[in-house]
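Secondary and tertiary structure notes
Each chain, written out:
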Amino acid sequence: MTSLANPPTVIVLASGRGERFVAAGGSGSKLRAPLAGKPVLERTLDAVRASGLPWHVEDAGHPGMGDSIAAAVRATAGAAGWLILPGDLPLVLPQTMRAVAAALAGGVQAAQPNYQGERGHPVGFAAGCQAALAALEGNFGAAPVLRALRAMDSVADLALDDAGVVTDIDTPEALARAEALWRAREAAGAQRAG
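Residues numbered from 1 in each chain as written. Predicted model: local features only at pLDDT ≥ 70, side-chain atom pairs only at ≥ 80, totals over all residues. Heavy atoms only, no water.

**A few points about the pairing of strand S1 (residues 9-13)**
Of all five residues in S1, five are buried, a share of seventy percent or more. Burial along S1 is two-sided: Thr-9, Ile-11 and Leu-13 facing one way and Val-10 and Val-12 facing the other are all buried. Bridging between S1 and strand S4 (residues 55-58) involves four bridges; their strand directions are parallel. Across the sheet, Ile-11 pairs through a bridge with His-56, a residue of S4. (Buried < 20%, exposed > 50% of the residue type's maximum accessible area, 1.4 Å probe, protein only. Helix = DSSP H or I, 4+ residues; strand = E, 2+ residues; numbered from the N terminus. Pairing = 2+ DSSP bridges.)

**Let's talk about the packing of helix H2 (residues 40-51) against helix H4 (residues 94-105)**
Where H2 contacts H4, the axes come no closer than 8 Å and their chain directions differ by 55°. In terms of their interaxial angle, H2 and H4 are classed as oblique. Taken as a pair, H2 and H4 cross one another with a handedness that is right-handed. Residues Ala-47, Val-48, Ala-50 and Ser-51 of H2 pack against Pro-94, Met-97 and Arg-98 of H4. Across the contact of H2 with H4, the residue classes break down as five nonpolar, one polar and one charged. (Axes fitted to C-alpha atoms, helices over the stretch in contact; angles between N-to-C directions. Parallel < 35°, antiparallel > 145°, perpendicular 65-115°, else oblique. Left-handed = near helix turned anticlockwise from the far one by under 90°. Contact = heavy atoms within 4.5 Å. Nonpolar A, V, L, I, M, F, W, Y, C, P; charged D, E, K, R; others polar.)

**Some remarks on H4**
The end-to-end C-alpha distance of H4, which contains twelve residues, comes to 17 Å, matching closely the 16 Å that a straight helix rising 1.5 Å per residue would cover. Among the residues making up H4, those that are buried are Pro-94, Thr-96, Met-97, Val-100, Ala-101, Ala-103 and Leu-104. In the core, the buried residues of H4 are packed alongside S1, H2, strand S5 (81-86), strand S6 (110-115), strand S8 (123-126) and strand S9 (155-159). Just downstream of H4 lies Gly-107, where phi reads positive at about 105°. (Expected span 1.5 Å × (residues − 1).)

**Regarding the environment of Val-22**
The topology assignment puts Val-22 in helix H1 (residues 19-23). With 150 residues separating them along the chain, Val-22 and Pro-172 place their C-alpha atoms 8.6 Å apart.

**Notes on the pairing of S5**
Burial analysis of S5 places six of its six residues in the buried class, which makes it a mostly covered element. When S5 meets S8, the two strands line up antiparallel, connected through four bridges. Across the sheet, Leu-83 pairs through a bridge with Gly-124, a residue of S8.

Dropping the structure here:
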């Protein structure tokens, strides 16, 4: 569980059509594709639940990622901030979400994790970003808001040892890589426990 007094809400984006996944040879929804015996979205939600942070799944059909984020922010208007997490990042660790939430509690307007220099998700936004996030539309997600905050030096970049922040499921090959990483983590965890 998190010890933050007023934690941000994790917004899990699950309304995309997954067209790249199908175009690359995948069948059906990438969020329902099995990853180690469980649908991708369920794996993502397991991590979110384990983080102890409040959360909201945005799965209504929206024209673009920006529209999805805006709808979710409006639906959780009383939140202390938001962590934007696409539903196809099933390997993000619960402690990564807590680290992003803690960075927001430190007073920055946004926080973004990176793994070995590659920026990833979830991206955290403070409550002061509500109007900008609620006005988003189109396919670029919250990138315009994040860019503006970077220009004002209001973003904390968090270098974390979590490949899950950059492991999204956009193709069947990406799903296979995620499965291999999942199994390697499970084996390492079993070794530590044994």
